[in-house]
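Structural overview
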Amino acid sequence: MGLAPLQKDPYIYSLHQNLQTPQIMEEQASCETCAMRAKYDAKPRSFGGRFWRWHINWCPGWKKYMASLDETKKAEIVKIYGLKS
């Protein structure tokens, strides 16, 4: 018999499909509305604020977000957060 009966169950089939199908990342990163970024904006010296600032140094999502911005917006963010351009 094997797994044939399980493959007909729609719930099991959908789980199986999710495991085989790679998830596609969103086109736009959620950095604009990030809760950790908001904590940094409110209290840069707090633990959450410091963590966010450390995190963006290596975060691939942040790098993608920065690459998606136009030059004026990017320059503004570099100035606000003291980033290397």
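Residues numbered from 1 in each chain as written. Predicted model: local features only at pLDDT ≥ 70, side-chain atom pairs only at ≥ 80, totals over all residues. Heavy atoms only, no water.

**So, the packing of aromatic side chains**
- Inspection of the entire model under this criterion finds nine aromatic pairs.
- Residues Trp62 and Tyr65 carry aromatic rings whose centres are separated by 5.2 Å and whose planes lie at 45° to one another, so their mutual orientation is tilted. Linking Trp62 with Tyr65, this pair stays in helix 5 (residues 60-68), spanning three residues, or about one helical turn. Neither Trp62 nor Tyr65 differs from the other in exposure class; each is buried.
- A relative accessible area of 4% means that Trp62 is categorised as buried.
- Through pairs of rings, three or more aromatic residues link up here, namely Tyr40, Trp52, Trp62, Tyr65 and Tyr81. (Phe/Tyr/Trp six-rings, centres within 6.5 Å; stacked < 30°, edge-to-face > 60°. Helix = DSSP H or I, 4+ residues; strand = E, 2+ residues; numbered from the N terminus. Buried < 20%, exposed > 50% of the residue type's maximum accessible area, 1.4 Å probe, protein only.)

**Side note on the state of the cysteines**
- Under the counting rule described, the total for this entry stands at zero disulfides.
- Not part of a disulfide, Cys59 finds its nearest cysteine sulfur in Cys31, a span of 6.0 Å. (Disulfide = S-S within 2.5 Å.)

**Side note on the packing of helix 3 (residues 35-42) against helix 4 (residues 47-55)**
- Across the interface, helix 3 lies against helix 4 with an axial gap of 8 Å and an inter-helix angle of 120°. In terms of axis orientation, helix 3 runs oblique to helix 4. The two elements helix 3 and helix 4 cross, and the hand of that crossing is left-handed. Between helix 3 and helix 4, the residues in contact are Met36, Arg37, Lys39 and Tyr40 and Gly48, Gly49, Phe51, Trp52, Arg53 and His55, respectively.
- When the residues that make up the contact of helix 3 with helix 4 are grouped by side-chain class, the tally is four nonpolar, three polar and three charged. (Axes fitted to C-alpha atoms, helices over the stretch in contact; angles between N-to-C directions. Parallel < 35°, antiparallel > 145°, perpendicular 65-115°, else oblique. Left-handed = near helix turned anticlockwise from the far one by under 90°. Contact = heavy atoms within 4.5 Å. Nonpolar A, V, L, I, M, F, W, Y, C, P; charged D, E, K, R; others polar.)

**Focus: helix 4**
- By the burial criterion, the buried members of helix 4 are Gly49, Trp52, Arg53 and His55. One side of helix 4 carries all its buried residues, which in axial view fall inside an arc of 160°.
- In this structure, the buried residues of helix 4 make contact with helix 3, helix 5 and helix 6 (71-81). (Arc of directions from axis to C-beta.)

**Thoughts on the confidence of the model for the protein chain**
- The predicted model of the protein chain averages 80 in pLDDT, with 65% of residues at 70 or higher.
- Of all helices and strands in the protein chain, the one with the weakest mean pLDDT is helix 2 (residues 10-20) (54), whereas helix 4 scores best (96).
- Throughout residues 21-26 the model reports pLDDT below 50, and contacts reaching past four residues in sequence, or to other chains, amount to three contacts. (pLDDT = per-residue confidence, 0-100.)

**Here's the deal with the side chain of Arg53**
- For Arg53, the position within the fold is in helix 4.
- The charged side chain of Arg53 is buried without a salt bridge, its nearest counter-charge being Asp41 at 9.7 Å. (Lys, Arg positive; Asp, Glu negative; His and termini not counted. Salt bridge = Lys/Arg side-chain N within 4 Å of Asp/Glu carboxyl O.)

**Topic: a nonpolar patch on the surface**
- On the surface, Phe47, Phe51, Trp54 and Trp58 cluster together into a nonpolar patch covering about 510 Å² of accessible area.
- Tracing the backbone shows Phe51 in helix 4. (Patch = residues over 30% accessible without salt bridge, like charges linked within 9 Å, V, L, I, M, F, W, Y side chains within 5 Å. Areas by Shrake-Rupley, 256 points an atom, 1.4 Å probe, with all protein chains shown as cover.)

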